[in-house]
Amino acid sequence: MTTHDIPPCPVCGMENTYPDGEHFICPDCAHEWPQVAAASDDPDTVVRDVNGNVLASGDTVVVIKDLKVKGSSIPLKQGTVIRNIRLVDGDAEHIEGNSDKIKGLVLKVCFLKKA
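Only a predicted model underlies this, so the values are computations on that prediction, with no experimental measurement involved.

Enquirer: Explain the overall build of the protein to me, using residue names and the numbers behind them.
Expert: On a plain count of helices and strands, the protein comes out with 1 helix and 8 strands. Reading the protein from its N end, one meets helices and strands in the order β-β-β-α-β-β-β-β-β. Of all intrachain contacts in the protein linking residues separated by at least 6 positions in sequence, the fraction that spans at least 24 positions is 36%.

Enquirer: I'd love a proper account of the nonpolar core, names of residues and values included.
Expert: One recurring pattern in soluble globular proteins is that nonpolar side chains are buried together. Core analysis: the largest hydrophobic core is formed by 15 residues, its most contacted members being Leu76, Ile82, Ile95, Leu105 and Leu107. At the level of elements, strand S4 (61-63), strand S5 (81-87) and strand S7 (105-108) are the ones that each hand at least two residues to this core. Sequence-distant contacts of leucine 76, defined by excluding residues within four places in its chain, comprise Val63, Lys65, Asp66, Leu67, Val69, Ser99, Ile102, Leu105 and Leu107.

Enquirer: I'd like to hear about the packing of aromatic side chains, residue by residue, with values.
Expert: Tallying each qualifying case throughout the model produces 1 aromatic pair. Seen in terms of ring centroids, phenylalanine 24 and tryptophan 33 are 5.6 Å apart; in terms of plane orientation they differ by 40 degrees. Their pairing is tilted. An identical accessibility class is assigned to phenylalanine 24 and tryptophan 33; each is buried.

Enquirer: Run through the pattern of salt bridges, naming residues and quoting values.
Expert: Applying the stated criterion to the full structure yields 2 salt bridges. Note that lysine 114 and aspartate 59 form a salt bridge whose closest N and O atoms lie 3.5 Å from each other. Taken as a pair, lysine 114 in strand S8 (residues 112-114) and aspartate 59 in the loop between helix H1 (35-40) and S4 lie far apart in primary sequence, 55 residues in all.

Enquirer: Got a sec to walk through the UniProt feature "domain: Protein YjdM N-terminal" (unreviewed entry) in the protein? Specific residues and values, please.
Expert: Following the UniProt record, one finds the feature "domain: Protein YjdM N-terminal" (unreviewed entry) at residues 6-34. Note that residues 6-34 is 0% helix and 31% strand, and that its end C-alpha atoms are spaced 12 Å apart.

Enquirer: Please provide a residue-by-residue account of the sheet that holds strand S6 (residues 94-98), values included.
Expert: In space, the 5 strands of this open sheet follow the order S7-S6-S5-S4-S8, with antiparallel pairing throughout. A strand with exactly one partner marks an edge of an open sheet, and here the two such strands are S7 and S8. Across the sheet, the mean angle from the axis of one strand to that of its neighbour is 45 degrees, orientation sign disregarded. In terms of strand pairing, S6 meets S7 through 4 bridges, oriented antiparallel. For isoleucine 95, the partnering residue across the bridge sits in S7 and is leucine 107.

Enquirer: Would you mind going over the sheet that holds strand S2 (residues 23-25) in detail, with residue names and values included?
Expert: Taken in spatial order, the 3 strands of this open sheet run S1-S2-S3, and their pairing is antiparallel. The open sheet has two free edges, formed respectively by strand S1 (18-20) and strand S3 (32-34), since each of these has just one partner strand. Adjacent strand axes in the sheet meet at a mean angle of 35 degrees when their direction is disregarded.

Enquirer: How would you summarise the pairing of S5 if you had to cite specific residues and measurements?
Expert: The two faces of a sheet get side chains in turn, since along a regular strand they alternate between them. Sheet topology note: the S4/S5 ladder contains 2 bridges and is antiparallel. Its bridge partner being in S5, valine 61 is matched across the sheet by isoleucine 82. Alignment of S5 against S6, held across 3 bridges, turns out to be antiparallel. Bridge pairing in S6 links arginine 83 to asparagine 98.

Procedures and definitions
- Residues numbered from 1 in each chain as written.
- Predicted model: local features only at pLDDT ≥ 70, side-chain atom pairs only at ≥ 80, totals over all residues.
- Heavy atoms only, no water.
- Helix = DSSP H or I, 4+ residues; strand = E, 2+ residues; numbered from the N terminus.
- Contact = heavy atoms within 4.5 Å.
- Core = buried A, V, L, I, M, F, W, Y, C linked by side-chain atoms within 4.5 Å.
- Buried < 20%, exposed > 50% of the residue type's maximum accessible area, 1.4 Å probe, protein only.
- Phe/Tyr/Trp six-rings, centres within 6.5 Å; stacked < 30°, edge-to-face > 60°.
- Salt bridge = Lys/Arg side-chain N within 4 Å of Asp/Glu carboxyl O.
- UniProt positions renumbered as here; feature names shortened; annotations may be inferred.
- Pairing = 2+ DSSP bridges.
- Axes fitted to C-alpha atoms, helices over the stretch in contact; angles between N-to-C directions.

As structure tokens, this is what we get:
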């Protein structure tokens, strides 16, 4: 974790915070908060497709190359449309969705483009 990843204190706003185990600690006001909450509440988590377009829940995406699907003998072919995607909280690299043939997919956004 670099110093750029450590958020300022949400109580006093000071930037002297540091990680300690699974918490951030502010030495100025003694406020402690979990690192997991800081990651999931991060408004800067932006999910982008392979072309850099911002994705949002409910968007439609297209698979850009053939993909093998774990647990299925049916591959996802290039050009397969995934409608009504759902973003994974705190994860800018994966989305959830369903194709016409395979339900419950978790896909990396590096293999998708916005339709």
